Amino acid sequence: MRASSPIEALTAEQTAALDRYRVRWLAIRRSTAPCDRVAAEQGVRLAYQTAELNPPSRMIWCDSPVDLSDRARRASRTEGPNVKSAVIDRPRRQAAARVRARLRARIRAQVERAVNPADALIASVVDAVVQGTGAAHDGRSLLGRLQGSRPLSWRGTLNVLLGRDGFRYSAAGPAELSWLGPYEYVRDVLDLREETEPLLGLWQVAMNVGWLQPHEHTCWLSERPNVLRGDAEARLHHASGPALRFADGWSVFAWKGVEVPRWMIEHPGTITLAAIDAETNVQLRRCMIEIMTPQRFVALGGARKIAADETGVLWRRIWFNYDIWSAVEVINATPEPDGTHKHFFLQVPANIQTAREAVAWTYGMRADEYANVVVRT
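Description of the structure in this document.

Reading the values: the criteria
- Residues numbered from 1 in each chain as written.
- Predicted model: local features only at pLDDT ≥ 70, side-chain atom pairs only at ≥ 80, totals over all residues.
- Heavy atoms only, no water.
- Helix = DSSP H or I, 4+ residues; strand = E, 2+ residues; numbered from the N terminus.
- Contact = heavy atoms within 4.5 Å.
- Phe/Tyr/Trp six-rings, centres within 6.5 Å; stacked < 30°, edge-to-face > 60°.
- Buried < 20%, exposed > 50% of the residue type's maximum accessible area, 1.4 Å probe, protein only.
- Lys NZ or Arg CZ within 6 Å of the ring centre and 35° of its normal.
- Pairing = 2+ DSSP bridges.
- Axes fitted to C-alpha atoms, helices over the stretch in contact; angles between N-to-C directions.

**Thoughts on the environment of Gly43**
- With respect to the secondary-structure elements, Gly43 resides in helix 2 (residues 37-50).
- Here the alpha-carbon distance between Gly43 and Leu200, two residues 157 residues apart in the chain, equals 7.6 Å.
- With residues up to four places along the chain from it excluded, the contact list for Gly43 reads Gly201, Gln204 and Val205.

Given below as structure tokens:
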């Protein structure tokens, strides 16, 4: 490998390219296109070769990561041990060591922040998938999990005892492979080709697969979701269908980042005051009120008027488990085309006692500060 002095700073052109790679890898992580299975399998073979392993004799495609987890969990010992560490983690360490010798720490940090920022939507997907694959080990006893560790080893036993034997630790998906984005940037834009050579196979895998679980003789691969919906805050959310769905039908229904029962989304008209009162999960109760709409919740008698003044009306509902819903109703001063005025309900802390205090809180002010602003305007 050539010996060159470290890169001290990015040029204007190189800096401009950062956003292009951020957008590219955001699209890769969130893609709902069918996988290119031929390209993915080629990438797997190259990744195994880079890890100095024979290519897997079998590649098994699954319709979802949950399907992948179920199949891998039922596999026999002939599939060989999990080789995620050798196929993914070791090349990452190799490339990182080589790139460190060529890039100053602040440049590496700049590239990482720009190309691979936190992705809340994909983090939510990962959490949902891990939950769906059985984060609680599917009810298996400790002995059963130890017996399922293939082959038995001190490392495998330790992972089971530490709770690191689940899908999150055995497989890799869009979140676990997103670190490849900054390395593609330094390869293409900064011309660090030799330094990033160990990652060629992994790039091809990341661009063409949903999840993978590599074992010595078998590699399980899963399709991407065919539906992925989020709100403006990058939370799993879809008001009329699944927020996450795979080809085998495995789905997650979510409202503003909270997983909800399917019926709440598909049959919102069945949400009643009685159903809201009967729900013990505070997050689900909030979602039910929002799906029903706070305006209808109040109109049906779901909340009690606490205070009213020229700024709005303060509503509150207290349940026996000390859960309190409190919202201020305000009226938009600008009329709609038909002459009516929209009513908005803004949720506020339960300790607020007046409508003015509630409205002020939504602006980050005290009631007296808000009053002074209103007087001055």
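This is not the end of the story, as more comes after the structure.
**Things to note about the packing of aromatic side chains**
- Across all of its chains, the model carries six aromatic pairs by this definition.
- With 5.6 Å between their ring centres and 85 degrees between their planes, Tyr21 and Tyr185 make a pair best called edge-to-face. Of this pair, Tyr21 sits in helix 1 (residues 12-29) while Tyr185 sits in helix 10 (residues 180-188), and the two are 164 residues apart along the sequence.
- Exposure remark for Tyr21: the relative accessible area of 9% places this residue in the buried category.
- Since its relative accessible area comes to 0%, Tyr185 is described here as buried.
- For the pair Tyr363 and Tyr370, a centre-to-centre distance of 5.7 Å together with 20 degrees between the ring planes defines the contact as stacked.
- We classify Tyr363 as exposed; its relative accessible area is 56%.
- Under the relative-accessibility criterion, Tyr370 is labelled buried at 15%.
- Within the aromatic cluster, the residues linked to one another by ring pairs are Trp211, Phe246 and Trp250.
- Between Arg285 and the ring centre of Trp319, over which it is positioned, the NZ or CZ distance is 4.4 Å.

**Some points on the sheet that holds strand 1 (residues 58-62)**
- One open sheet holds the three strands; their spatial order is 1-3-2, and the pairing between them is mixed. Strands with a single pairing partner mark the edges of an open sheet, and in this sheet they are strand 1 and strand 2 (211-214). When the angles between neighbouring strand axes are averaged without regard to direction, this sheet yields 15 degrees.
- In this sheet, strand 3 (residues 218-222) lies alongside strand 2 in antiparallel orientation, the contact comprising four bridges. Directly across from Pro214, in strand 3, lies its bridge partner Cys219.

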